[in-house]
Amino acid sequence: MNTPKNYRWRKFVDQFMRGSAVVATGCAVIPLIAIIGYVLTLGASALSVQFFTDIYQPPNMAQAATDGSEPAFDPNDPFAGIGATQDGAVVGDGSNPEANVYAGAPVGGVLHGIVGTLIITGLGLLLALPIGIFAGIYLSEYRNERYATIVRFCCDVLSGSPSIVAGVVIYVLVVIQSQQFSAFAGSLALMILMIPIVTRTTEEMLKLVPESMREAARGLGAPTWYSTFTVIIPAALPGIVTGVMLAFARGAGETAPLILTVLGSNVMSTDLFAPMASLPLLTYRYTESPYPGENTLAWGAAFVLMMLVLVMNILVRVATRRRAGASR
Amino acid sequence: MAKQQHAESWSNGKSVLRHGDVPFRIGTVVLASCVVGLVLAMGVIMFVSSGEARTAFGWDVLVGQVWNPVVTDIAEPTFGAWPAVRGTLLSSLVALVIATPLAMGIGIFLAELCPPALSTPLSFLVELLAAIPSVIYGVWGVFVFVPFFNQVFSVPVSDALGDYIPWLAGPVATGRGVMVTGIIMAIMILPTIASLTRDVLRLVPNTQREAMLAIGATRWETIWLAVVPYSRAGIIGAVMLGLGRALGETMAATLLIGNSQRISESLFAPATTAASLVANELTNSVSSLHESALITVAFALFGITLVLNLGARLLIWYVDRGMAGGRS
């Protein structure tokens with residue numbers, strides 16, 4: 001056996017590049033773990049009973065300034081904010097509310113945001129469901145038509161276009177016309193973003209239903225619409241439900257369109273035709289806030305959003321895996 | 001007995017059930033057309049309401065250097081979004097430069113090298129990255145990544161090289177700028193590119209790999225010379241979809257880029273992006289011309305992502321079709 005001259009070099013390249021692929025995967029997993037870890041630890045420290053039961057409370061900065069007390073940390077130090085949120089509970093024991101402003105202990109809660117997110121996202125999902133599900137049925141049952149390709153492409157355009165564009169369109173169409181930021185406008189914007197998700201999952205799930213079931217229904221003489229509603233959709237229902245859950249999770253986390261449509265609110269409002277608070281909006285505003293206490297609330301709101309997304313995704317994962325296992 | 005009668009009534013064509021197919025088809029087509037109509041309506045609405053700025057400035061809305069919405073005695077308001085367009089392009093470029101090789105590594109690892117037992121959980125983790133709401137990336141970026149990156153990279157690098165390389169020049173003020181935005185965007189678009197790359201690599205027929213291994217190639221040579229070139233079009237499509245996501249990214253950019261209209265050579269200096277410009281200014285627009293200019297910017301984003309989507313879908317479809325046809 002004579003080995004080629006460059007064998008060692010080729011072997012080295014092989015090992016090196018395969019190693020690089022492993023390292024690249026690690027590079028993706030590290031930020032994921034860092035983000036989830038930070039949100040879960042810092043966010044969890046922001047949680048309290050008050051966090052879930054109270055609404056926005058203004059931080060009393062003026063009093064703290066006249067108080068003459070030293071800030072608990074240097075406000076110019078970028079790391080101080082992190083430390084404060086971690087140690088907030090220790091420094092701010094609740095006895096001195098002015099100290100809490102600096103110490104990073106949260107004041108107030110995000111109940112209004114939780115309620116607002118549920119209302120806005122829920123209504124958006126309700127609006128998106130009929131279009132999404134029926135478009136999905138169309139794409140699956142008439143899948144070979146030329147028009148189906150057009151619908152499919154439009155779906156891709158909707159899911160690929162920046163979320164802010166949906167906000168701009170609804171801003172022009174609803175907010176300017178009605179001279180009013182409103183939760184309903186936000187629901188419409190979220191509807192635009194959720195339709196493609198519901199459509200594509202419905203289509204995929206209906207396509208997974210074995211052709212033999214369609215043939216069996218047809219063999220019994222059932223018309224297409226009857227077999228679709230009584231045989232095919234029930235068979236694909238778990239999958240469709242997971243798609244709906246994913247759409248809800250995606251919609252609940254959207255921020256950009258809500259800035260242009262819902263605007264946000266510091267009070268508890270359930271009026272659909274008035275500005276409303278929402279969790280991602282609170283996360284955004286509290287992140288930009290100069291008060292560490294509100295920054296802590298931002299972590300808390302991010303925690304709630306993250307849990308929503310994680311739980312939904314894991315549920316979907318478990319549900320679809322069981323399905324895939326059963327159909328084998 | 002009853003069931004039998006049911007079936008007979010179908011085959012005889014007497015039942016009303018038989019006539020359900022026409023309304024069913026009309027219903028699904030109409031609701032599916034809502035998706036198409038939505039895309040058309042979005043385009044038309046933005047085209048019409050951007051008319052004022054387009055007639056006033058022409059292409060200068062996108063390439064003009066000065067963005068000054070304020071009406072003063074000495075100057076007319078001018079709208080040239082070049083600082084924002086430039087910020088969008090630069091931060092997306094940074095994101096692509098970082099994400100493309102990493103995502104290809106991940107895709108190759110998941111499709112070719114990874115043991116099957118590890119592949120499913122890793123894919124799930126990578127897809128989880130795509131599900132995290134962008135505002136959470138923003139929060140994490142502001143409180144954790146920017147201070148960290150400032151200390152370990154921005155400040156030392158700009159101190160050492162800033163005098164020689166203008167785009168690494170200091171001073172690094174708050175640390176918010178094009179570079180950090182690009183890095184966070186890279187994390188956000190990694191899963192998009194990686195999972196699509198994995199999918200197109202899996203479509204490559206095994207004969208390609210076997211033939212390459214049979215003539216004595218190493219694993220890496222097989223991947224790099226026989227598998228990757230085969231799915232090159234699909235990988236380019238994946239990168240285009242990732243680019244589309246980076247261009248339209250709003251929340252992370254708004255929180256991290258610093259929102260400054262000043263054009264600076266340095267990647268460490270604050271800038272602004274098209275999406276964050278719209279998010280920041282549309283609700284506070286001071287005149288209808290200002291509003292119209294912002295809608296033009298959003299319209300341009302919509303148009304660019306539409307073209308990118310179209311191109312990417314065509315490429316991926318081309319790969320898919322080519323492989324289904326079994327050509328080699």
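Details of the structure are given in the entry above.
The structure reproduced in this document is the subject of the present report. Note that the structure is a prediction, hence the values are computed from the model and not measured.

Re the overall build of chain A
- Of the regular secondary structure elements, chain A holds 14 helices and 0 strands.
- Taken from N to C terminus, the helices and strands of chain A fall in the order α-α-α-α-α-α-α-α-α-α-α-α-α-α.
- A separation threshold of at least 6 residues defines the contact pool for chain A, and within that pool the share at least 24 residues apart is 79%.

A few points about helix H5 (residues 82-113) of chain B
Residue and element names in this part refer to chain B.
- Its 32 residues place the ends of H5 44 Å apart at the C-alpha level, agreeing with the 46 Å of an ideal helix rising 1.5 Å per residue.
- Maximum bend of H5: about 30 degrees, positioned at alanine 99, with proline proline 101 one to four residues after it.
- Counting buried residues along H5, 24 of its 32 residues qualify, which places the element largely inside the surrounding structure.

What to know about the nonpolar core
- Counting residues in each nonpolar core, the largest one holds 186 residues, and the members touching the most others are Val168 of chain A together with Val35, Ile136, Leu190, Val278 and Ala298 of chain B.
- Considering each element in turn, this core owes the most residues, 16 residues, to helix H8 (residues 178-202) of chain B.
- Discounting chain neighbours no more than four positions away, the residues touching isoleucine 136 of chain B are Ile35, Val39, Ala302, Leu305 and Met306 of chain A.

Describing the interface of chain B and chain A
- On the side of chain A, 79 residues touch chain B, which itself brings 74 residues to the contact.
- Here the residues of the side of chain B that touches chain A are counted per class, giving 53 nonpolar, 16 polar and 5 charged.

Concerning the packing of H5 of chain B against H8 of chain B
All names here are of chain B.
- H8 packs onto H5 with a crossing angle of 35 degrees between their chain directions and a minimal axis gap of 5 Å. For H5 against H8, the interelement crossing comes out right-handed.
- Partitioning the contact of H5 with H8 into residue classes produces 22 nonpolar, 8 polar and 3 charged.

As for the environment of phenylalanine 134 of chain A
- The residue phenylalanine 134 of chain A is located in helix H6 (residues 111-141) in this model.
- Its 22 C-beta neighbours within 10 Å are what place phenylalanine 134 of chain A among the buried residues.
- Put simply, phenylalanine 134 of chain A and glycine 219 of chain A are 85 residues apart on the chain and 24 Å apart in space, counted from C-alpha to C-alpha.
- The contact partners of phenylalanine 134 of chain A, leaving out residues within four places of it in the chain, are Gly27, Thr28, Leu31 and Ala32 of chain B.

Describing the packing of helix H1 (residues 7-46) of chain A against helix H6 (residues 116-131) of chain B
- Two elements in contact, H1 of chain A and H6 of chain B, have axes separated by 10 Å at closest approach and are oriented at 55 degrees. The angle between H1 of chain A and H6 of chain B places the two elements in the oblique class. Relative to H6 of chain B, H1 of chain A is oriented so that their crossing is left-handed. Residues Thr25, Ala28, Val29 and Leu32 of chain A of H1 of chain A pack against Leu122, Leu125, Val126, Leu128 and Leu129 of chain B of H6 of chain B.
- Its residues assigned to classes, the contact of H1 of chain A with H6 of chain B shows 8 nonpolar, 1 polar and no charged.

Rules of the game
- Residues numbered from 1 in each chain as written.
- Chains lettered and ligands numbered in written order.
- Predicted model: local features only at pLDDT ≥ 70, side-chain atom pairs only at ≥ 80, totals over all residues.
- Helix = DSSP H or I, 4+ residues; strand = E, 2+ residues; numbered from the N terminus.
- Contact = placed C-beta atoms within 7 Å.
- Expected span 1.5 Å × (residues − 1).
- Bend = angle between axes of the 7 residues up to and from the residue.
- Buried ≥ 20, exposed ≤ 12 C-beta atoms within 10 Å, placed from the backbone.
- Core = buried A, V, L, I, M, F, W, Y, C linked by C-beta atoms within 7 Å.
- Nonpolar A, V, L, I, M, F, W, Y, C, P; charged D, E, K, R; others polar.
- Axes fitted to C-alpha atoms, helices over the stretch in contact; angles between N-to-C directions.
- Left-handed = near helix turned anticlockwise from the far one by under 90°.
- Parallel < 35°, antiparallel > 145°, perpendicular 65-115°, else oblique.

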